[in-house]
Amino acid sequence: MANTLLESIHLPINEDLIIQLHQNHFAVIDDFLPRAFADRLLRVSDRLYSDELLRQHYFQFGGALLKKPNVYELDLSDPDRMEEVDIGLWKQVIDHVGPQFVRQMDEMDRKHQQLNHSQASPLNLDTNMPPAIKLQVNAGGGSFPWHYDNPGPTNQRSLTCVIYLNPSWNEGDGGEIVLCPFLSKPITVPPMHGRAVLFYSDRILHRVMPSNVRRVCFTMWCNGTNVNAKNDVVLSKDHLQFTSYDEAQRFFTDSPLQRVISRAVYSEEYLQSLLECLVISGRIDNDDDLVEITTEEKEKLIKQHEASVVGILTKLKPLIEEFRKRKAVVT
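All figures in this text were calculated on a predicted structure; none of them were measured in a lab.

> What exactly am I supposed to notice about the overall build of the chain here?
Helix and strand content of the chain: 9 helices and 11 strands. Relative to the compact-globule value of 20 Å for 331 residues, the chain shows a C-alpha radius of gyration of 20 Å, a close match. Along the first, second and third principal axes, the C-alpha set of the chain runs to 60 × 60 × 35 Å. Of all 331 residues assigned to the chain, the portion counted as buried reaches 50%.

In structure tokens form, the structure reads like this:
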């Protein structure tokens, strides 16, 4: 049965998708996986979650390792972990769907570059490296703060692909991913069953809204062969030789260097989402308690965030203030 399903999978990767990625740095595809395959993946995910085989998710902020309440993950790229767990149909995703996705994206991107003499930078995906894949279950109440999937060296992620497995999702259930192309209006994308959201890992700031119900997804991160070069990481005086703020905005929109300044430009949004993701309220998994960080931990996070923002403002205050004004207009 698994082989029959696998043979029916034709990923909807075409030139239109490549054009969207080059132009917008993100794309949304409905029915990315056949319904029958997505349904079976969800059933296996339910079993893995019920058997408590997914682990609590933690994330790094400053020097602290923080728990993200009610968010659980299984790293499908961890060979030692895979020997311990019966992952069923997910093995087909690891062995076939993931590598197929990388190959097809790379082939279509190269074809587009050759036929259209595109001026956009190629994806330069590493086809010798299968994507890292994680299954994630948000048991309800969890969220993610604003972040980039590739924050800088030594990360090699070039392209992120999130696929959702939520057949019963309805408006008001929450758990939407919000994409924020630099200084553009944020785009909110509901986590519909079979939907895929693709974006540049080093150029799309994004977050996940609190989920009011259980939310399931898996993510594939594709490495690139030319990621985090010095010119994409170190913001120098040579980069800042702009003749206008419009020119500066165009530059940062298309450059991974936006990561250097985004925390200052989106300072309030970063902090609000960070504190929000560390708190759960309401009835979650039959627990009426409030799960919350301590006042001391909260104050420490705020100070770390503010210190980071001040460090950027000290060097680039006129630019940051102008970009904040422009952000306010579009949001």
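> Looking at this structure, I do not really get the packing of aromatic side chains. What am I missing?
Working definition: an aromatic ring pair is given by the centre-to-centre distance plus the angle between the planes. The tally for this structure, following the rule as stated, stands at 10 aromatic pairs. A ring pair is formed by F182 and F252, whose centres lie 6.3 Å apart and whose planes are at 45 degrees; its orientation type is tilted. Placement of F182 in the loop between strand 7 (177-180) and strand 8 (187-189) and of F252 in helix 6 (residues 245-254) is noted, with a sequence separation of 70 residues between them. Here F182 falls in the buried class, since its relative accessible area comes to 2%. Taken together, the ring pairs connect F182, F242, F251, F252, Y266 and F323 into an aromatic cluster.

> Please clarify how the nonpolar core should be interpreted in this entry.
For soluble globular proteins, nonpolar side chains are generally found buried alongside one another. One finds W90, F101, M105 and F218 to be the most contacted residues of the largest nonpolar core, which totals 46 residues. Of all the secondary structure elements, the ones that give two or more residues to this core are helix 2 (15-24), strand 1 (26-29), helix 3 (35-50), helix 5 (90-116), strand 4 (132-138), strand 6 (157-164), strand 9 (196-200) and strand 11 (215-223). Element by element, the count of residues in this core is highest for helix 5, at 7 residues. When residues no more than four places from it in sequence are discounted, the contact partners of F218 are L33, L41, W90, V93, I133, K134, L135, C161, V162, I163 and L165. Membership of the second largest hydrophobic core comes to 22 residues, among which are L183, L257, V265 and L313.

> Which parts of the structure should I look at to understand the pairing of strand 4?
The two faces of the sheet receive side chains in turn, since in a regular strand these alternate between them. Of all 7 residues in strand 4, 5 are buried, a share of seventy percent or more. Sheet analysis places strand 3 (residues 64-75) next to strand 4, joined by 5 bridges and oriented antiparallel. By the bridge assignment for strand 4, D75 is matched with K134.

> Looking at this model, I keep getting lost on helix 8 (residues 267-277). Mind explaining?
Turn by turn, an α-helix covers 3.6 residues, leaving residues three or four places apart pointing in a common direction. Of the residues making up helix 8, those classed as buried are S267, Y270, L271, S273, L274, L275 and C277. For helix 8, the elements touching its buried residues are strand 2 (55-61), strand 3, strand 5 (144-147), strand 10 (205-208), helix 7 (258-265) and helix 9 (295-330).

> Teacher, can you tell me more about the pairing of strand 10 here?
The side-chain alternation of strand 10 yields two buried faces, one formed by L205 and R207 and the other by H206 and V208. In the sheet, strand 5 pairs with strand 10 via 2 bridges, with the strands oriented antiparallel. Of the residues in strand 10, the one forming a bridge with H147 is H206.

> It is not clear to me how helix 7 should be interpreted in this structure. Could you clarify?
Judged by how many residues are buried, helix 7 sits mostly within the fold: 6 of 8 residues are covered. Here helix 7 has its buried residues at Q258, R259, I261, S262, A264 and V265. Elements in contact with the buried residues of helix 7: helix 6, helix 8 and helix 9.

> What is the right way to look at the sheet that holds strand 6 in this model?
Two orientations exist for strands paired in a sheet by backbone hydrogen bonds: parallel and antiparallel. What the 7 strands build is an open sheet, ordered 1-9-6-11-4-3-2; its pairing is antiparallel. Each edge of the open sheet is held by one strand with a lone partner, namely strand 1 and strand 2. The mean angle between the axes of side-by-side strands here comes to 30 degrees, regardless of whether they run parallel or antiparallel. Sheet topology note: the strand 6/strand 9 ladder contains 5 bridges and is antiparallel.

> How should the side chain of H206 be read in this particular structure?
Within the element layout of this structure, H206 appears in strand 10. There is a polar contact of 3.0 Å between the side chain of H206 and the side chain of D149. Among the polar contacts made by the side chain of H206, one reaches the main-chain carbonyl oxygen of I204 at a distance of 3.0 Å. Residues contacting H206, with those up to four places away along its chain left out, are P145, W146, H147, Y148, D149, I177, V178, L179 and F199.

> It is not clear to me how the pattern of salt bridges should be interpreted in this structure. Could you clarify?
Two side chains with opposite charge may pair up if their charged atoms get near one another. One pass over the full model with this rule turns up 13 salt bridges. The shortest N-O distance in the salt bridge between D95 and K91 comes to 2.8 Å. Pair noted here: D95 and K91 are both in helix 5, with a separation of 4 residues, about one helical turn. Three or more residues joined by partner-sharing salt bridges are found here, namely D246, E322 and R326.

Basis of the calculations
Residues numbered from 1 in each chain as written. Predicted model: local features only at pLDDT ≥ 70, side-chain atom pairs only at ≥ 80, totals over all residues. Heavy atoms only, no water. Helix = DSSP H or I, 4+ residues; strand = E, 2+ residues; numbered from the N terminus. Rg over C-alpha atoms; globule rule 2.2 N^0.38 Å. Buried < 20%, exposed > 50% of the residue type's maximum accessible area, 1.4 Å probe, protein only. Phe/Tyr/Trp six-rings, centres within 6.5 Å; stacked < 30°, edge-to-face > 60°. Core = buried A, V, L, I, M, F, W, Y, C linked by side-chain atoms within 4.5 Å. Contact = heavy atoms within 4.5 Å. Pairing = 2+ DSSP bridges. Axes fitted to C-alpha atoms, helices over the stretch in contact; angles between N-to-C directions. Polar contact = N/O pair within 3.5 Å; in protein donor to acceptor, adjacent residues only side chain to side chain. Salt bridge = Lys/Arg side-chain N within 4 Å of Asp/Glu carboxyl O.

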